[in-house]
Amino acid sequence: MNHKNLFRRALLLATLSTAFFGAHADTLDTIRANKKVRISIDLAVPPSGMTDANMKPTGSDYDVAVLLAKDLGAALEVVPTVGATRIPNLQTGKADLIISTLAWTPERAKVVDYSIPYAPQISLVGGVKGVNVKSMADLAGKSVAVNRSTTQDKDLTDNAKGANVVRYDDDAGVITAVVTGQADLVGTSNALFQTMQQKAPHRNLEMKFVLRVNDLGIGVRKDDPKLLAWVNDWVRANHKNGKLNEIFKKYHGTEIPKDVVEKWLAAK
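To keep things clear, this report deals only with the structure shown in the data block. Note that the structure is predicted; figures quoted are calculated from it, not measured.

1. Quick look at the overall build of the protein chain
Of the regular secondary structure elements, the protein chain holds 11 helices and 12 strands. Sorting the 268 residues of the protein chain into buried and exposed places 47% on the buried side. In the protein chain, 67% of the contacts between residues at least 6 apart in sequence involve partners at least 24 apart. Positive and negative side-chain charges in the protein chain, numbering 35 and 28 respectively, have mean positions lying 4 Å apart.

2. Focus: unusual backbone geometry
The omega torsion of the bond from proline 46 to proline 47 falls at 0°, within 30 degrees of zero and hence cis. Tracing the chain through its elements places proline 47 in the loop between strand S1 (36-41) and strand S2 (50-51). In the Ramachandran plot, serine 149 falls in the positive-phi region, its phi being about 70° despite a non-glycine side chain. Relative to the assigned elements, serine 149 resides in the loop between strand S8 (143-147) and helix H6 (151-159). Positioned with a positive phi, aspartate 223 is a non-glycine residue whose angle comes to about 60°.

3. Section: the sheet that holds strand S4 (residues 75-80)
Sheet architecture is open: 5 strands sit in the order S4-S1-S5-S12-S6, paired in mixed fashion. Each having just a single partner strand, S4 and strand S6 (112-114) make up the two edges of the open sheet. In this sheet, strand S5 (residues 97-98) lies alongside S1 in parallel orientation, the contact comprising 2 bridges. Of the residues in S5, the one forming a bridge with isoleucine 39 is leucine 97. Against the sheet, helix H3 (residues 60-72) makes contact with S1, S4 and S5, and its axis sits at roughly 165° relative to S1, the strand it touches most.

4. With respect to the pattern of salt bridges
Scanning the entire structure with this criterion turns up 14 salt bridges. The partner of lysine 226 in a salt bridge is aspartate 29, with the nearest N and O atoms 2.9 Å apart. Of this pair, lysine 226 sits in helix H9 (residues 225-240) while aspartate 29 sits in helix H2 (residues 27-34), and the two are 197 residues apart along the sequence. Given the relative accessible area of 28%, aspartate 29 is considered partly exposed. Note that aspartate 113 is salt-bridged to lysine 222, the shortest N-O span being 2.9 Å. One end of the pair, aspartate 113, is in strand S6; the other, lysine 222, is in the loop between strand S12 (219-221) and H9, and 109 residues separate them in sequence. Where salt bridges share partners, they join Glu107, Lys154 and Asp158 into one cluster.

5. Describing the nonpolar core
Grouped together as the largest cluster of nonpolar side chains are 35 residues, with contacts concentrated most on Leu68, Leu97, Tyr118, Ile218 and Trp234. Elements supplying a minimum of two residues to this core: H2, S1, H3, H9, helix H10 (243-252) and helix H11 (258-267). Among the elements that make up this core, the one with the highest residue count is H3 (7 residues). If you look at the next biggest cluster of nonpolar residues, it comprises 30 residues, including Val45, Met136, Leu139 and Ala200.

6. Some thoughts on the pairing of strand S10 (residues 185-189)
Summarising burial for S10: 5 of the 5 residues are buried, a large majority. As judged from the 5 bridges shared by strand S7 (residues 119-128) and S10, these two strands associate in the antiparallel manner. Of the residues in S10, the one forming a bridge with glycine 127 is leucine 185.

7. Section: a nonpolar patch on the surface
The grouping of Ile122, Met207, Val210 and Val213 at the surface amounts to a nonpolar patch, some 350 Å² of accessible area in total. The biggest single contributor to the nonpolar patch is strand S11 (residues 205-216), with 3 residues. Tracing the backbone shows valine 213 in strand S11.

8. What to know about the packing of H3 against H9
Axis separation between H3 and H9 bottoms out at 12 Å; the angle between their running directions is 115°. On the basis of their axis angle, the class for H3 and H9 is roughly perpendicular. Pair H3 / H9 crosses with right-handed handedness. Across from Val64, Leu67, Leu68, Asp71 and Leu72 in H3, the residues of H9 making contact are Trp230, Trp234 and Asn238. Residue composition of the contact of H3 with H9, by class: 6 nonpolar, 1 polar and 1 charged.

9. A look at the pairing of S8
Most of S8 sits out of view: 4 of its 5 residues are buried. On the question of chirality, the crossover connecting S8 to the parallel strand S9 (residues 164-168) by way of H6 is right-handed.

Conventions used here
- Residues numbered from 1 in each chain as written.
- Predicted model: local features only at pLDDT ≥ 70, side-chain atom pairs only at ≥ 80, totals over all residues.
- Heavy atoms only, no water.
- Helix = DSSP H or I, 4+ residues; strand = E, 2+ residues; numbered from the N terminus.
- Buried < 20%, exposed > 50% of the residue type's maximum accessible area, 1.4 Å probe, protein only.
- Contact = heavy atoms within 4.5 Å.
- Lys, Arg positive; Asp, Glu negative; His and termini not counted.
- Charge placed at Lys NZ, Arg CZ, Asp CG, Glu CD.
- Pairing = 2+ DSSP bridges.
- Axes fitted to C-alpha atoms, helices over the stretch in contact; angles between N-to-C directions.
- Salt bridge = Lys/Arg side-chain N within 4 Å of Asp/Glu carboxyl O.
- Core = buried A, V, L, I, M, F, W, Y, C linked by side-chain atoms within 4.5 Å.
- Patch = residues over 30% accessible without salt bridge, like charges linked within 9 Å, V, L, I, M, F, W, Y side chains within 5 Å.
- Areas by Shrake-Rupley, 256 points an atom, 1.4 Å probe, with all protein chains shown as cover.
- Parallel < 35°, antiparallel > 145°, perpendicular 65-115°, else oblique.
- Left-handed = near helix turned anticlockwise from the far one by under 90°.
- Nonpolar A, V, L, I, M, F, W, Y, C, P; charged D, E, K, R; others polar.
- Right-handed = clockwise from strand over helix to strand, strands pointing away.

And the structure:
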C-alpha cells in the first residue's frame, strides 16, 4: 500500500471515529442512557422557582422540568442556580438544560440555543407609591435594585441614563432589599414584584411601568441539535394539549394568552 492510500485510509478511519464518538456524545442519547436529566433551576424566584414549607422544590419552572423529565423517561436532577450562573452551568456541562425564567436576548442567543417559548414573563420597574417614576427618563438620579445579569439589569443599564443600578447576586437579595427598605425602586419580573408586595404591604409598592414582555425558553447547549429538536417537539405538544398552560395558571393566576401561544407555534 503506497503512502497516498495509507493517508486516505487514516483519514477515513479518523472521520468514521469522529462521527461515531460524536453521535454517542449527543446529550439526548446520554440522558436516555443514564436515565437522568440535569436541569438548572433557580429556586429563589417565586412563583417560577421556590421551595415549600418542607424545603422541597416547587414552582412553575420546577413543574415544567418534572413534566419534561417524565416524558423523557428520566429522573430529574435539579442543578440549583442564580441568574448569573444559568448559562455557565450549561456551558460547563453541569446541566443538560436550563428551565429558569431564561428570557430570549440577542446576546444570550449567541452562546445558548433556545427552545420555542414555554411561558411569558412581564418585566417591570416598581417601587414605593411616593416615588414619582413613569418612564426610563424619570430614573435619572435614582437608585434601582436589580438581579445581576438579568434582562432587567441590561435594560436599565442600557436605557436608564443617569440612574444608579444597584446589582444583587440573586433575586432573594433583591427581595430583601425592597422589603426591608434598602431599595425604593426595583427592576424585576411581575411575579417577583407580586411577592414583594405580599411580603411588605406596609411599603405600598406599585408598578411604575413595563420594561418588556419576555419570551421564556428552555436553554440548550449550542451544537446540540438532536436535544433541541426533541425539546421543541415537546414544547409544541404540551402547548397543544394545554399542560403548559395549566402549570402557568396554577402558579401565576392567569392563562397564557392563546394568541401568544399561536404566535410562538407559528414562529418555528
